[in-house]
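Structural overview for review
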Amino acid sequence: MKNYAKTFKWMMLALIVISFVLLVIGFASGFEANDGAWTDVLLYWAYIMIGIALVATVVVGLWIGIKNDPKMLVKVGIGAAAAVVICLLAYLLAAGKPAMGMLTQPDASTLKLTDTILNLTYFVGVVAIVSIIVGEIRLAIINKK
């Protein structure tokens, strides 16, 4: 386990050094020079860093979870399948109607995707509100006993 900690430390240091070098080069050459090429480079690097963080979080979380409880993988699979079903349901319920008040309309696939994201936002908002209400009711019942 000690080698993993050392490896992660050196990888993190390398990513920080690369980030610092890109930032210094961007400031030295000017972010607006060459049609903002260094701005694009820094944005792509930020996307890469976010991707690395997400993958590392998921992979390390799964690895530790499976190591501690092998049945956890089944629970994660069920959760992922439920998320896919919810996204598919939101997609199927999306109307994809033309946007009101726009002179030039986006294509049909963009409208369908936008409506899907709105449906997912509505669903998550309702679930959050219901969770808060149910949680408070549950706490009130538990504290009353």
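Residues numbered from 1 in each chain as written. Predicted model: local features only at pLDDT ≥ 70, side-chain atom pairs only at ≥ 80, totals over all residues. Heavy atoms only, no water.

1. What to know about the overall build of the chain
Within the chain one finds 4 helices and 0 strands. Secondary structure elements of the chain, listed N to C terminal, follow the sequence α-α-α-α. For 145 residues, the compact-globule formula gives about 15 Å, and the C-alpha radius of gyration of the chain, at 23 Å, lies well above that figure. Taken along the three principal axes of its C-alpha coordinates, the chain extends 60 × 60 × 30 Å. Considering the chain as a whole, with its 145 residues, one finds that 8% of them fall into the buried category. Residue pairs in contact within the chain that sit at least 24 positions apart in sequence constitute 31% of those at least 6 positions apart. Accessible surface computed for the chain: about 12,000 Å², of which carbon and sulfur atoms make up 76%. (Helix = DSSP H or I, 4+ residues; strand = E, 2+ residues; numbered from the N terminus. Rg over C-alpha atoms; globule rule 2.2 N^0.38 Å. Buried < 20%, exposed > 50% of the residue type's maximum accessible area, 1.4 Å probe, protein only. Contact = heavy atoms within 4.5 Å. Areas by Shrake-Rupley, 256 points an atom, 1.4 Å probe, with all protein chains shown as cover.)

2. Examining the confidence of the model for the chain
Residues with a pLDDT of 70 or more make up 98% of the chain, whose mean pLDDT is 87. Of all secondary-structure elements in the chain, the lowest mean pLDDT belongs to helix α1 (residues 2-29), at 84, while helix α4 (residues 108-144) reaches the highest, 93. (pLDDT = per-residue confidence, 0-100.)

3. Considerations on the packing of aromatic side chains
One pass over the full model with this rule turns up 1 aromatic pair. One Lys or Arg, K112, reaches over the ring of Y91 and ends 4.9 Å from the middle of that ring. (Phe/Tyr/Trp six-rings, centres within 6.5 Å; stacked < 30°, edge-to-face > 60°. Lys NZ or Arg CZ within 6 Å of the ring centre and 35° of its normal.)

4. Things to note about the side chain of T116
Checked against the element boundaries, T116 lands in helix α4. By relative accessible area, which is 7% here, T116 ends up buried. Among all residues touching T116, those that are not within four sequence positions of it are C87, A90, Y91 and A94.

5. Focus on α4
Here α4 spans 54 Å end to end across 37 residues, near enough to the 54 Å set by a 1.5 Å rise per residue. Within α4, the full set of buried residues consists of L111, D115 and T116. In this structure, the buried residues of α4 make contact with α3 (72-93). (Expected span 1.5 Å × (residues − 1).)

6. Details of the side chain of D115
Inspection of the secondary structure assignment puts D115 in helix α4. For D115, the side chain forms a polar contact with the main-chain nitrogen of G96, separated by 2.5 Å. The contacts of D115, once residues within four sequence positions are left out, are A94, A95, G96 and K97. (Polar contact = N/O pair within 3.5 Å; in protein donor to acceptor, adjacent residues only side chain to side chain.)

7. Observations concerning a nonpolar patch on the surface
A grouping of W10, L13, V17, F20, V21, V24 and I25 is seen on the molecular surface, where their side chains present a nonpolar patch of about 650 Å² in accessible area. Here V17 is to be found in helix α1. (Patch = residues over 30% accessible without salt bridge, like charges linked within 9 Å, V, L, I, M, F, W, Y side chains within 5 Å. Salt bridge = Lys/Arg side-chain N within 4 Å of Asp/Glu carboxyl O.)

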